[in-house]
Amino acid sequence: MAGSAENGDVRLREATDRVAAALATVGNWMFAPTTRRRIMAASGLELSLGDYTLLAQISLHAPVRLSVLAELMEVDKSTLSPPAKRLESRGFIERQPDPDDARARLVSVTREGKLAIRELWKARTTAVAALMEGWEPSDVEHLADGLAAFAEAIKKGA
């Protein structure tokens, strides 16, 4: 009995190692400049990689102060001001007074920005689908279920 428990522990550890390695590869692909450029081109939007990244982060956390986003993104706030100005001038984001601090401003995504994000997400989905071309639908569904459960675990642990 003890041998089978140890064998199960080893198998679990090996599977966990494979998951961690696969996630590293997926993360590298998702955030690679070439992937982001391909998604940007397919979306029909002309945004720099920095603008694209900031728009996505604002959409996830809005309404939010740029200083808070800078902390989350682990960058200096000054690096977010130029892309925020570009996004605002294109009508993708808007700034509003922070009700908790009249000196501060919150940024959020406008209707136009949400439409842009929708185009980006469609292009991203198309890029992911191309990688799974030829897969059995049940395999895609199994992966989707597993990743959804993993994402929930991340949200609960965050």
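Keep in mind it's a predicted model, so treat the numbers as computed, not measured.

**Comments concerning the overall build of the protein**
Reasoning step 1: The secondary structure content of the protein amounts to seven helices and two strands.
Reasoning step 2: When the elements of the protein are put in sequence order from the N terminus, they spell out α-α-α-α-α-β-β-α-α.
Reasoning step 3: Here the protein has a C-alpha radius of gyration of 20 Å; the compact-globule value for 158 residues is 15 Å, and the former is much larger.
Reasoning step 4: By principal-axis analysis of the C-alpha atoms, the protein measures approximately 65 × 40 × 25 Å.
Reasoning step 5: Here the protein, with 158 residues, has 25% of them falling under the buried criterion.
Reasoning step 6: Sequence separation of 24 or more characterises 46% of the internal contacts of the protein that already satisfy a separation of 6 or more.
Reasoning step 7: When the accessible surface of the protein is split by element, carbon and sulfur atoms take 57% of a total near 10,900 Å².

**Side note on the pairing of strand S2 (residues 101–109)**
Look at any regular strand and the pattern is simple: side chains alternate between the two faces of the sheet.
Reasoning step 1: For strand S1 (residues 93–98) and S2, the ladder comprises six bridges, and the chain directions are antiparallel. Its bridge partner lying in S2, Asp-98 is registered against Asp-101.
Reasoning step 2: Between the end of S1 and the start of S2, which pair antiparallel, lie two residues.

**Remarks on the nonpolar core**
Reasoning step 1: Counting 24 residues, the largest nonpolar core has Leu-54 and Leu-55 as the members making the most contacts within it.
Reasoning step 2: Elements that contribute at least two residues to this core include exactly helix H2 (33–43), helix H3 (49–61), helix H4 (66–73), helix H5 (81–89), S2 and helix H6 (111–131).
Reasoning step 3: With five residues, H6 is the single largest residue contributor to this core.

**Here's the deal with the pattern of salt bridges**
Where side chains of opposite charge bring their charged atoms close, a pairing between them can arise.
Reasoning step 1: With the rule as written, the count across this model stands at seven salt bridges.
Reasoning step 2: In this structure, Asp-101 engages Arg-103 in a salt bridge whose closest nitrogen and oxygen atoms are separated by 3.2 Å.
Reasoning step 3: Using a relative accessible area of 17% as the deciding quantity, one classes Asp-101 as buried.
Reasoning step 4: Where Glu-119 meets Lys-122, a salt bridge forms, and the shortest distance between an N and an O atom there is 3.2 Å. Note that Glu-119 and Lys-122 are positioned in helix H6 at a spacing of three residues, about one turn of the helix.
Reasoning step 5: With a relative accessible area of 47%, Lys-122 lands in the partly exposed category.
Reasoning step 6: When salt bridges with common partners are traced through the structure, they connect Arg-65, Asp-98, Asp-101 and Arg-103 into a single cluster.

**Topic: the side chain of Thr-110**
Reasoning step 1: Summarising the element assignment, Thr-110 is placed in the loop between S2 and H6.
Reasoning step 2: On the basis of relative accessible area, Thr-110 is assigned to the buried category, the value being 13%.
Reasoning step 3: Separated by 2.3 Å, the side chain of Thr-110 and the backbone oxygen of Gly-91 make a polar contact.

**Things to note about the packing of H3 against H6**
Reasoning step 1: Axis separation between H3 and H6 bottoms out at 11 Å; the angle between their running directions is 110°. Viewed along their axes, H3 and H6 adopt a mutual orientation that is roughly perpendicular. For the pair H3 and H6, the contacting residues are Tyr-52, Leu-55, Ala-56 and Ser-59 in the first and Gly-113, Ala-116, Ile-117, Leu-120 and Trp-121 in the second.
Reasoning step 2: Grouping the amino acids of the contact of H3 with H6 by side-chain chemistry returns seven nonpolar, two polar and no charged.

Reading the values: rules and limits
- Residues numbered from 1 in each chain as written.
- Predicted model: local features only at pLDDT ≥ 70, side-chain atom pairs only at ≥ 80, totals over all residues.
- Heavy atoms only, no water.
- Helix = DSSP H or I, 4+ residues; strand = E, 2+ residues; numbered from the N terminus.
- Rg over C-alpha atoms; globule rule 2.2 N^0.38 Å.
- Buried < 20%, exposed > 50% of the residue type's maximum accessible area, 1.4 Å probe, protein only.
- Contact = heavy atoms within 4.5 Å.
- Areas by Shrake-Rupley, 256 points an atom, 1.4 Å probe, with all protein chains shown as cover.
- Pairing = 2+ DSSP bridges.
- Core = buried A, V, L, I, M, F, W, Y, C linked by side-chain atoms within 4.5 Å.
- Salt bridge = Lys/Arg side-chain N within 4 Å of Asp/Glu carboxyl O.
- Polar contact = N/O pair within 3.5 Å; in protein donor to acceptor, adjacent residues only side chain to side chain.
- Axes fitted to C-alpha atoms, helices over the stretch in contact; angles between N-to-C directions.
- Parallel < 35°, antiparallel > 145°, perpendicular 65-115°, else oblique.
- Nonpolar A, V, L, I, M, F, W, Y, C, P; charged D, E, K, R; others polar.

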